[in-house]
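Residue-level structural notes
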Amino acid sequence: MNNPSGSNPASSITASLKYLADVDAAAVYRVGESNQKDTEHLAKFAVQQCQVHDAREMDREFSLDREGFCLVQQPSKVTDFYRDAELEDVYEAEVKAAVMQATGADRIEIFDHTRRSSSNDVRSRRDVREPASVIHNDYSADSGINRLRDHFAGTDEDVEALLQKRFAIVNVWRSINGPVLRSPLALCDALTTESNDLVPVRRESKERVGELQQALHNPAHQWYYYPEMQMDEALLIKTFDSSLRGHTRFTLHTAIDLPGCNEQTP
């Protein structure tokens, strides 16, 4: 493990973060498929009070290959993020351009859109999911490979040839309705994460059974968030990397509750 460097003391908040309590019992992450049913987390958890630092006030640049996340400017011409056709016609090209610029990748494939809201009213009117309130990373070493196989199943792609090249899975997270004042994402600096902190967990959804990672508490973990994210910003999070040459492969993250927020907070 490396210690983060080049940082000055910055403002922080104390947040309740939900870690796995132990690995004695099998854990399951069962995805809620609609606004009528939230995701089920079948496991024993231990809530830890952790300092979450304001990433905007740090005097170092964060990167996907080091800490596992970074904030980029990414204006969008989308007028309604609830319209699937507009996402396909407008937004996907914008996302491809942003990720390609940030990573230098030769090729970008988009395979999923997930809308979330911490507002009970929004979730009752829209088919959106709740904030992800348990510390997790979206893929494990095995499921990242399987995701590529699943994505190209039934196509003419030579999957085995693709697997010989480096590929990564990057989550692009943004606001779709004004500044984020409630339930922002907190991210754990991957340089402070040990491999033994990451626990593979079965992920069940109606489309597939996969695997993600949850986390055991490590007091060395350093957590960050970007206050009041704007609609022209995007948070890039690397959730899988096939490279074994020292690049960050997995990035823990979770939604957090901010002090003073309530159901009326946007």
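Structure: see above.
All of the points below concern the structure found in this document. (Residues numbered from 1 in each chain as written. Predicted model: local features only at pLDDT ≥ 70, side-chain atom pairs only at ≥ 80, totals over all residues. Heavy atoms only, no water.)

**Quick word on the nonpolar core**
Within soluble globular proteins, side chains that are nonpolar generally end up buried alongside one another. Residues L17, V52, W223 and I256 are the most contacted members of the largest nonpolar core, which totals 26 residues. Broken down by secondary-structure element, the contributors of at least two residues to this core are β1 (12-20), β4 (45-54), α3 (141-152), α4 (159-162), β8 (185-188) and β11 (223-225). Top element by residues in this core is β1. It accounts for four residues. Residues F62, L187, Y224 and Y226 belong to the second largest nonpolar core, which totals 13 residues. (Core = buried A, V, L, I, M, F, W, Y, C linked by side-chain atoms within 4.5 Å. Buried < 20%, exposed > 50% of the residue type's maximum accessible area, 1.4 Å probe, protein only. Helix = DSSP H or I, 4+ residues; strand = E, 2+ residues; numbered from the N terminus.)

**Section: helix α1 (residues 84-103)**
At Y91, α1 shows its strongest bend, of approximately 45°. Those residues of α1 that are buried lie in contact with β7 (168-173). One or two residues past the end of α1 sits G104, with phi positive at roughly 75°. (Bend = angle between axes of the 7 residues up to and from the residue. Contact = heavy atoms within 4.5 Å.)

**A few points about empty space enclosed by the protein**
According to the stated counting rule, one finds one cavity of 30 Å³ or more in the structure shown. Roughly 40 Å³ of volume is contained in the largest cavity. Forming the walls of the largest cavity are W173, V180, P184, L185, Y226, M229 and L235. Considering only residue class, the lining of the largest cavity consists of seven nonpolar, no polar and no charged. (1 Å grid on protein atoms, 1.4 Å probe; cavity = no way out; pocket = protein on both sides within 12 Å on 5 of 7 lines; lining within 4 Å. Points joined across faces, edges and corners; volume = space filled by probe spheres on them. Nonpolar A, V, L, I, M, F, W, Y, C, P; charged D, E, K, R; others polar.)

**Things to note about the pattern of salt bridges**
Across all of its chains, the model carries 15 salt bridges by this definition. Measuring nitrogen to oxygen at the nearest pair gives 3.0 Å for the salt bridge that ties E109 to R107. Given the relative accessible area of 39%, R107 is considered partly exposed. Among the ionic contacts, a cluster of salt bridges with common partners joins R60, R66, E67 and D189. (Salt bridge = Lys/Arg side-chain N within 4 Å of Asp/Glu carboxyl O.)

**Examining the packing of aromatic side chains**
Applying the stated criterion across every chain, the model contains seven aromatic pairs. Between F81 and Y91, the aromatic rings sit 5.2 Å apart at their centres with planes inclined by 85°, giving edge-to-face as the arrangement. Placement of the pair is F81 in the loop between β5 (69-73) and α1 and Y91 in helix α1, with a sequence separation of 10 residues. Taking relative accessible area as the criterion, F81 reaches 8% and is therefore assigned buried. With relative accessibility at 7%, the residue Y91 sits in the buried group. Measuring from centroid to centroid gives 6.3 Å for F240 and F250, while their planes differ by 55°, and the two rings are tilted. Of this pair, F240 sits in strand β12 (residues 233-241) while F250 sits in the loop between β12 and β13 (253-255), placing them 10 residues apart in sequence. Grouping aromatic residues by their ring pairs yields a cluster made of F62, F69, Y224 and Y226. The ring centre of F45 lies 5.7 Å from the NZ or CZ of K18, which sits over that ring. R126 extends its terminal NZ or CZ atom over the ring of Y82, reaching a point 3.8 Å from the ring centre. (Phe/Tyr/Trp six-rings, centres within 6.5 Å; stacked < 30°, edge-to-face > 60°. Lys NZ or Arg CZ within 6 Å of the ring centre and 35° of its normal.)

**Notes on unusual backbone geometry**
Its identity is not glycine, yet S183 carries a phi of approximately 55°, on the positive side. Here the phi dihedral of E228 falls at roughly 50°; this positive angle occurs in a residue that is not glycine. Within the fold, E228 resides in the loop between β11 and β12. The partly exposed category is assigned to E228, whose relative accessible area is 47%.

**Considerations on the state of the cysteines**
The term disulfide refers to a covalent linkage connecting the sulfur atoms of a pair of cysteines. Under the defined criterion, the tally for this structure stands at zero disulfides. You can see C188 has no disulfide; the closest cysteine sulfur is in C50, sitting 8.9 Å from it. Of all cysteine sulfurs in the structure, the one in C50 sits closest to C261, which takes part in no disulfide; the separation is 18 Å. On the accessibility criterion, C261 (29% relative accessible area) is partly exposed. (Disulfide = S-S within 2.5 Å.)

**Quick word on α3**
For α3, the full list of buried residues reads S143, G144, R147, L148 and F152. Buried positions in α3, seen along its axis, are confined to an arc of 170° and lie on one side of it. Where the residues of α3 are buried, they touch α4, β7, β10 (209-215) and β12. Positive phi shows up at G154, right after α3, with a value of about 80°. (Arc of directions from axis to C-beta.)

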